[in-house]
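# Coordinates in review
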Amino acid sequence: MSTLNFLMLGALPFFLFFRAASRNILHPVMISMFAGLFPFLLGIQISIADNSELTAIYSPILLMIYAGSFLGKKNKNSMPQYDIDMDRQNAGTHSRAFRLALFLAAAGITFMFLKRGVPVFADEPNIAKVTFSQDGGWAATRLVRYFLLTLFYMSIIYCFHMARLKIRNTTDRLMETGLGELIRFGDKGWLLFGLSILILFSSLGYKANIIAFFLWSACFIGLVTRVRLSNLAPFITAGAVFSIFALYTIQKADGLSELLVFLYMRSTTSAAEGLIYVLSSYGVTEPFLYGEGFWFDLSYILLKLGLSPVMPFQLHELNFDALIFEKILGHNEYHMQATTSLFGQLYANFGLPATMAGAFLFFFYFVRFGDFLVNGRKTIIGTPVCFLLFQQYQTFIAGGPVLITVFDTAMSIAAFFVAYSLVYFFLRLPTGTLSFKIP
């Protein structure tokens, strides 16, 4: 059974590449697999290879992953859409507010970082999160957690939007041009703006997985215009070099081999410990929770928002992932979290049948959502928002607590649109159909 699981996992990227990703290496499904999902799934199997009982539980989950991915592809022969949908009559009016909102939001985030004293190239890769969460700053932490991602991707797509406006015969030229020509003819300012946000994001101790951020950036550029891999190679190479340098500095590794071991452990076996504990404990030594695991996350959010005095029931100080971390170590004085993923929460609450159903539905919509990003209509705000939603969607498997991730994402997106609306009405711009509509 263990050998069969390894074969299924080894074939999964190739299956998705030929079935779901239309043989496009920059497809969101492929980038998501290599940036987080596949190492996480592989790490689980490596950790449970000698445990026949857990391997037997994991096998039907892998089968549901294949079934969901196979049925999630809507149209095998659909053609990618690279054109940005826009209303030219309102484009100039709304872009003014859009650009100003981006600059004000970036300045505000930078001010928050500097005011809290977040150190540059800190030893702790998540020092910004820790700094903001101190002294009751949990809500501020949620606000900035993915807000920089939103700003970066919106600035990048605006760069390519400006390039389209400046190139003659837009459709015909862009279908054949490469990344270098777009930058040469386009508005370099927006690309530099996105790059400055990226550097801010990576250097202020904000996130450890910088390499995945570059992979997502390459994928995002591939959604906006047809780019050959050879044209993108300089971007990927520069991103890899910068990523290794940033991680090397943050981790203070003694050599490249030590850094590679850290990356391997962080993305595979170390990330799977929480889920393995759930699979081996619930239904064996601990009873299933029947929904209480999700209540841990919700009540934790309510407690952090300061609603405890008005609630007629007790709120929890630990979310579900933090609770599992406490059970693994025996203590959790810093409120740290294990990675249990959506699979782990489903299994702890409702057992294997619900986990199989959840795996099928997750990968069904995982492939359907990624296919929509490639083949659906592109809009100047809708595309980065949908892209961010897809990226956050995949973190339910290889990321943190599900409900908290939903809350973080909603706050980040709402924060940008509130800033955009305030700027728009402050400038007293004419009302009308919003050019940057969400598809």
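Residues numbered from 1 in each chain as written. Predicted model: local features only at pLDDT ≥ 70, side-chain atom pairs only at ≥ 80, totals over all residues. Heavy atoms only, no water.

## So, the overall build of the protein chain
Scanning the protein chain from N- to C-terminus turns up 20 helices and two strands. Within the protein chain, the proportion of its 439 residues that are buried is 51%. Intrachain contacts of the protein chain at a sequence separation of at least 6 include 75% that bridge at least 24 residues. In the structure as shown, the protein chain presents an accessible area of about 19,800 Å², 64% of it carried by carbon and sulfur atoms. (Helix = DSSP H or I, 4+ residues; strand = E, 2+ residues; numbered from the N terminus. Buried < 20%, exposed > 50% of the residue type's maximum accessible area, 1.4 Å probe, protein only. Contact = heavy atoms within 4.5 Å. Areas by Shrake-Rupley, 256 points an atom, 1.4 Å probe, with all protein chains shown as cover.)

## Considerations on the pattern of salt bridges
Taken as a whole and judged by the stated rule, the model has two salt bridges. For Lys 73, the salt bridge goes to Asp 371, with nearest N and O atoms at 2.7 Å. Pair noted here: Lys 73 is in the loop between helix 3 (52–72) and strand 1 (84–85) and Asp 371 is in helix 18 (residues 352–375), with a separation of 298 residues, a long-range link. According to the relative accessible area criterion, Lys 73 is buried, its value standing at 5%. Taking relative accessible area as the criterion, Asp 371 reaches 5% and is therefore assigned buried. (Salt bridge = Lys/Arg side-chain N within 4 Å of Asp/Glu carboxyl O.)

## Points about the side chain of Ser 281
In this structure, Ser 281 sits in helix 14 (residues 273–281). Accessibility expressed as a relative area gives 6% for Ser 281, which makes it buried. Polar side-chain contacts of Ser 281 include one of 2.9 Å to the backbone oxygen of Tyr 277. (Polar contact = N/O pair within 3.5 Å; in protein donor to acceptor, adjacent residues only side chain to side chain.)

## Considerations on the packing of aromatic side chains
On inspection of all chains with the given rule, the structure shows 17 aromatic pairs. Judged by centre distance (5.0 Å) and plane angle (50 degrees), the rings of Phe 15 and Tyr 66 are tilted. Here Phe 15, found in helix 1 (residues 2–19), pairs with Tyr 66, found in helix 3; they are 51 residues apart in sequence, far enough to count as distant. Judged by its relative accessible area of 22%, Phe 15 is partly exposed. A residue is classified by how much of its surface remains accessible, and Tyr 66, at 18% relative accessible area, is buried. Pairing Phe 362 with Tyr 393 gives two aromatic rings, centres 4.5 Å apart and planes at 10 degrees, and the pair type is stacked. (Phe/Tyr/Trp six-rings, centres within 6.5 Å; stacked < 30°, edge-to-face > 60°.)

## Notes on the nonpolar core
One finds Leu 41, Ile 65, Phe 343, Phe 366 and Phe 416 to be the most contacted residues of the largest nonpolar core, which totals 93 residues. No other element matches the eleven residues that helix 2 (residues 28–48) contributes to this core. Residue contacts for Phe 366: discarding those within four places in its chain leaves Val 29, Ser 32, Leu 37, Phe 390, Tyr 393 and Gln 394. (Core = buried A, V, L, I, M, F, W, Y, C linked by side-chain atoms within 4.5 Å.)

## Topic: the confidence of the model for the protein chain
Mean pLDDT over the protein chain works out to 77, with 74% of the residues at or above the 70 mark. Contacts of residues 177–187 to residues separated by more than four positions or lying in other chains number 23 contacts, the stretch itself having pLDDT below 50. Contacts for the low-pLDDT stretch residues 432–439, under 50 throughout, to residues beyond four places or in other chains number 28 contacts. (pLDDT = per-residue confidence, 0-100.)

## A few points about the packing of helix 2 against helix 19 (residues 382–398)
The relative placement of two packed helices is expressed as an angle between their axes plus a distance between the axes. Two elements in contact, helix 2 and helix 19, have axes separated by 9 Å at closest approach and are oriented at 20 degrees. Taken together, the axes of helix 2 and helix 19 lie roughly parallel to each other. Crossing hand, helix 2 versus helix 19: right-handed. Taken together, the residues of helix 19 that come into contact with helix 2 (itself represented by Pro 28, Val 29, Ser 32, Gly 36, Leu 37 and Phe 40) are Phe 390, Gln 394, Ile 397 and Ala 398. When grouped by side-chain class, the residues that make up the contact of helix 2 with helix 19 number seven nonpolar, three polar and no charged. (Axes fitted to C-alpha atoms, helices over the stretch in contact; angles between N-to-C directions. Parallel < 35°, antiparallel > 145°, perpendicular 65-115°, else oblique. Left-handed = near helix turned anticlockwise from the far one by under 90°. Nonpolar A, V, L, I, M, F, W, Y, C, P; charged D, E, K, R; others polar.)

## Quick look at a nonpolar patch on the surface
Taken together, the side chains of Phe 6, Ile 46, Val 261, Tyr 264 and Met 265 make up a nonpolar region of the molecular surface, amounting to roughly 410 Å² of accessible area. The element best represented in the nonpolar patch is helix 13 (residues 256–267), accounting for three residues. (Patch = residues over 30% accessible without salt bridge, like charges linked within 9 Å, V, L, I, M, F, W, Y side chains within 5 Å.)

## Notes on the environment of Leu 373
Tracing the chain through its elements places Leu 373 in helix 18. Using a relative accessible area of 4% as the deciding quantity, one classes Leu 373 as buried. Residues Leu 373 and Pro 384 lie eleven residues apart in sequence; the distance between their C-alpha atoms is 9.7 Å. Non-local contacts of Leu 373, meaning those with residues more than four positions away in its chain, are made with Pro 28, Leu 223, Lys 378, Thr 383, Cys 386, Phe 387 and Phe 390.

## A look at the environment of Asp 371
Sequence spacing of Asp 371 and Pro 28 is 343 residues, and the spatial spacing of their C-alpha atoms is 8.1 Å. Once you skip the residues sitting within four places of it in the chain, Asp 371 turns out to touch His 27, Lys 73, Lys 74, Ser 78 and Gly 376.

## A word on helix 17 (residues 341–350)
Burial analysis of helix 17 places nine of its ten residues in the buried class, which makes it a mostly covered element. Taken together, the buried positions of helix 17 are Ser 341, Leu 342, Phe 343, Gly 344, Gln 345, Leu 346, Tyr 347, Ala 348 and Asn 349. Between the side-chain oxygen of the N-cap and the backbone nitrogen of Phe 343 there are 3.2 Å, and the N-cap of helix 17 in question is Ser 341. Immediately downstream of helix 17, the backbone of Gly 351 shows phi near 85 degrees, a positive value.

## With respect to unusual backbone geometry
The phi dihedral of Ser 22 is positive, around 55 degrees, even though this residue is not glycine. With respect to the secondary-structure elements, Ser 22 resides in the loop between helix 1 and helix 2. Owing to a relative accessible area of 37%, Ser 22 belongs among the partly exposed residues under this scheme. Phi is positive for Ser 341, which is not a glycine, with a value near 65 degrees. You can see Ser 341 is positioned in helix 17.

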